[in-house]
Each structure stands twice: as structure tokens, then as C-alpha cells.
Amino acid sequence: MLRYFISDLHLQAQRPEITAALLYFLEQIAKGADELYLLGDIFEAWIGDDYADPVMDQISPAFKRLAASGTQIFFIHGNRDFLLGESGAAQLSAQLLPEQTLIELSQGPALLMHGDELCLDDEAYQEFREMVRNPLWQQRFIQQSVAERLAIAQQLRQGSRAAGAMKSEDIMDVAQRAVVGAFNQSHAHFLIHGHTHRPARHQLAEGERIVLGDWGASGWYLRADDDALLLKEFTPS
Ligand code: LP5
Ligand code: MN
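The model shown is predicted, which means the values in this text are computed figures rather than measured ones.

**Topic: the overall build of the protein chain**
Part 1: On a plain count of helices and strands, the protein chain comes out with 7 helices and 11 strands.
Part 2: In terms of overall dimensions, the protein chain is globule-like: its C-alpha atoms have a radius of gyration of 17 Å, near the 18 Å expected for 237 residues.
Part 3: In terms of overall dimensions, the protein chain has C-alpha extents of about 50 × 40 × 30 Å along its principal axes.
Part 4: Across the 237 residues of the protein chain, 51% fall into the buried class.
Part 5: Of the accessible surface of the protein chain, which amounts to about 11,200 Å², a share of 51% is contributed by carbon and sulfur atoms.
Part 6: With 19 positive and 33 negative side-chain charges, the protein chain shows a spacing of 3 Å between the two charge centroids.

**Quick notes on the nonpolar core**
Part 1: Grouped together as the largest cluster of nonpolar side chains are 58 residues, with contacts concentrated most on Phe5, Leu22, Phe25, Leu36 and Trp215.
Part 2: Val179, Ala182, Ala188 and Leu191 belong to the second-largest nonpolar core, a separate cluster that totals 11 residues.

**A short note on the coordination of the manganese ion (ligand 2)**
Part 1: Note on the manganese ion (ligand 2): its protein donors are Asp41 (OD), Asn79 (OD1), His114 (NE2) and His195 (ND1). The metal-donor distances range over 2.0 to 2.2 Å.
Part 2: Each donor residue of the manganese ion (ligand 2) belongs to the same chain, with the gaps between them written as D-x37-N-x34-H-x80-H. With His114 in the loop between β6 (108-112) and α4 (123-132) and His195 in the loop between β7 (190-193) and β8 (200-203), this pair connects stretches of sequence that are 81 residues apart.
Part 3: Its relative accessible area of 1% is what places His114 among the buried residues.
Part 4: Relative accessible area serves as the criterion here: at 18%, His195 is assigned to the buried category.

**Overview of α4**
Part 1: For α4, the complete set of buried residues consists of Tyr125, Gln126, Arg129 and Val132. For α4, the buried positions fall inside an angular range of 130° around the axis, keeping them on one side. What points out from α4, more than 90 degrees from its buried face, is the exposed set Glu123, Ala124, Glu127 and Glu130.
Part 2: At its buried positions, α4 is contacted by α5 (135-142).

**Focus on the site of ligand 1**
Part 1: Near ligand 1 lie 23 residues; those nearest to it are Asn79, Arg80, Asp122, Arg157 and Lys167.
Part 2: Within the side chain of Arg80, a nitrogen or oxygen atom sits 2.5 Å from an oxygen atom of ligand 1.
Part 3: Contact distances for ligand 1 include 2.8 Å between an oxygen atom and a side-chain N or O atom of His195.
Part 4: In isolation ligand 1 has 1,100 Å² of accessible area, and contact with the protein removes 81% of it.

**Digging into the pairing of β7**
Part 1: Residues Phe190 and Ile192 point to one face of β7 and Leu191 and His193 to the other, with burial holding for every one of them.
Part 2: As paired elements, β6 and β7 share 3 bridges and run parallel to each other. The residue bridging Ala110 from the neighbouring strand is Phe190, located in β7.

**Brief notes about the packing of helix α1 (residues 16-29) against helix α2 (residues 54-68)**
Part 1: Taken N-terminus to C-terminus, the directions of α1 and α2 make an angle of 5°; their axes are 10 Å apart at the nearest point. When the axes of α1 and α2 are compared, the pair comes out roughly parallel. Within the contact between the two elements, α1 uses Thr19, Leu22, Leu23, Leu26 and Glu27 and α2 uses Val55, Gln58, Ile59, Ala62, Phe63, Arg65 and Leu66.
Part 2: The class makeup of the residues in the contact of α1 with α2 is 8 nonpolar, 2 polar and 2 charged.

**What about the environment of Pro135?**
Part 1: Within the secondary structure layout, Pro135 lies in helix α5.
Part 2: Each C-alpha atom of the pair Pro135 and Ala62 lies 31 Å from the other, and the pair is 73 residues apart in sequence.

**What to know about helix α6 (residues 146-166)**
Part 1: Here α6 is 21 residues long and its end C-alpha atoms lie 30 Å apart, about the 30 Å a rise of 1.5 Å per residue gives.
Part 2: Of all the positions in α6, only Arg149, Ala153, Arg157 and Gly164 are classed as buried. All buried residues of α6 fall inside an arc of 85° around its axis, so they share one side. Exposed and facing more than 90 degrees away from the buried side of α6 are Ala147, Gln154, Gln155, Ala165 and Met166.
Part 3: Against α5 lie the buried residues of α6.

Reading guide: rules and limits
- Residues numbered from 1 in each chain as written.
- Chains lettered and ligands numbered in written order.
- Predicted model: local features only at pLDDT ≥ 70, side-chain atom pairs only at ≥ 80, totals over all residues.
- Heavy atoms only, no water.
- Helix = DSSP H or I, 4+ residues; strand = E, 2+ residues; numbered from the N terminus.
- Rg over C-alpha atoms; globule rule 2.2 N^0.38 Å.
- Buried < 20%, exposed > 50% of the residue type's maximum accessible area, 1.4 Å probe, protein only.
- Areas by Shrake-Rupley, 256 points an atom, 1.4 Å probe, with all protein chains shown as cover.
- Lys, Arg positive; Asp, Glu negative; His and termini not counted.
- Charge placed at Lys NZ, Arg CZ, Asp CG, Glu CD.
- Core = buried A, V, L, I, M, F, W, Y, C linked by side-chain atoms within 4.5 Å.
- Donors = N, O, S within 2.8 Å, 3.2 Å for Na, K, Ca; no water.
- Arc of directions from axis to C-beta.
- Contact = heavy atoms within 4.5 Å.
- Near = heavy atom within 4 Å.
- Polar contact = N/O pair within 3.5 Å; in protein donor to acceptor, adjacent residues only side chain to side chain.
- Pairing = 2+ DSSP bridges.
- Axes fitted to C-alpha atoms, helices over the stretch in contact; angles between N-to-C directions.
- Parallel < 35°, antiparallel > 145°, perpendicular 65-115°, else oblique.
- Nonpolar A, V, L, I, M, F, W, Y, C, P; charged D, E, K, R; others polar.
- Expected span 1.5 Å × (residues − 1).

Listed below in C-alpha cells is the structure:
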């Protein structure tokens, strides 16, 4: 069984090099895999499936080809693309998975998530998260025009950047108690997530926490086959 895991691409029209890195990854690296997991923040800001995001049109055919060649594709929401619904997922030929999903690797059970839920010390963010993950709030947001939604998303980004500049590095990282809690509740041997943009493999008493990296002109993936797990940065050639 060959699986790949990626997250935090933050695809956007203004950063064509990220789209290029994704197309390279899908065609040259992930091709032939049994499963591909998209662990959130694939898009910089997803404002609803009814908005035709130009980046989606560029990547959709490559996902379709990958799926047609036999790779199963899965999507877990991030804090930037939690509004991606069934039709958005269909454009990625992907199946939506619950926020926290347990899968069985050859090396043992692995808990998958985006990772923002682990940042418990970032209380302002957790409050914000509760607000925007509320279905009622989302319904009201979706009812606004595309222009209004794009403007709000931009305001939220500015607000988030300003808030981030005031926060310590520690606060924006995962809280150890959340990590330990996730291992204990799931009985997983691996925790695989993104969000923090701090790619690393952490060996803990509870298990191994593998953090995916964010993309730019180069990208990051975790590759899992029956023999080993490999966290790797690549640059399209
Ligand atoms: O995203 P990232 O990694 O930079 O920062 C996150 C947290 N911030 C967010 C907010 C997003 O960046 C905003 C973009 C959303 C696009 C989605 C579009 C659809 C929205 C639809 C809503 C239904 O997730 C950041 C964390 C950081 O990770 C590390 O974990 O710290 O959290 C914050 O910055 C939250 C702030 O602390 C509090 C909220 C500030 C919001 C200000 C709003 C002002 C304007 C309101 C206009 C309506
Ligand atoms: Mn994120």
C-alpha cells in the first residue's frame, strides 16, 4: 500500500508557482499511489463551492486523471478551506473525511487532522474557530455575494496577520496536552497533521507526531509504504 499526505499549499491565483508544484507532484510523484490524503489549507481561502475559483479549474483535471488511474483521494478541512463541500470535493475527485480520521498504516494506526484544533493555547483563535465553524454563521456567510465574501475573507486574513504579529511562537504551536490527549483518545501510534508550518518528526512517549510542511516553489509530502515513512521536501525539476 502506497500513500501520500500533503497539506498547507495555500493555492491562490497570485502564486502560480504553488499550482505548478502541485501539478508536478500529482503527475510525477503521487502517480501510481493507492491513496492521497489532502490534510487542509489546500486553498488560501475557500469562500464556498458556488464561487468558481480559477485555481480549481487549473488543478481539477490533474486530480481527475490521478483518480482515474486508480488513486483514491481524500480531503480533510483546514482553517482556510473548511467551506469546501461535496461539489468542491468532487472537483478534486476527493472524498471528504471527518476532521479527525483514524487510518491503519502498515506501521500502525495513524490519526489524521489539519492540526489547528491542537493549538489550544491560542485562545483567540479557538474562539474565532468556534464562531466560523458554526453552521448558522456559515449559512449567513454563504448567502452573501461573492464580492462581499471575498472582501470578508480578505479582512479576516488581515485581522489574522495582525493578531499573529502579537502572538508568541509558542502560542501558535500545538499544545502538548492536546497532542497527548489526541494520542490517548485515539490509541494511534502516529499523529499526522499540518497547519503550524513546522515540518518535523517528533518522537514522543505516546507515539510519533509527524508535521507536514507548507508549500511555495517547493513542496512537502509524507510518503508511507509498507516499509517506511518518509517526510520529504521536493522541488519540481
Ligand atoms: O491562517 P493562518 O495560518 O495565517 O492563521 C491561523 C489563524 N487564523 C485563521 C483566520 C484565517 O487566516 C482567515 C482566512 C479565512 C479564509 C476562509 C474564508 C471563509 C471564511 C468563512 C467564514 C464562515 O484561521 C490564527 C492562528 C494561526 O492560524 C496559528 O494557529 O493564530 O488565528 C487568528 O489569527 C484569530 C485571531 O486571533 C482572532 C480573529 C481575528 C479576526 C479579525 C476579524 C476582523 C474582520 C472581520 C470582518 C467580518
Ligand atoms: Mn492551517
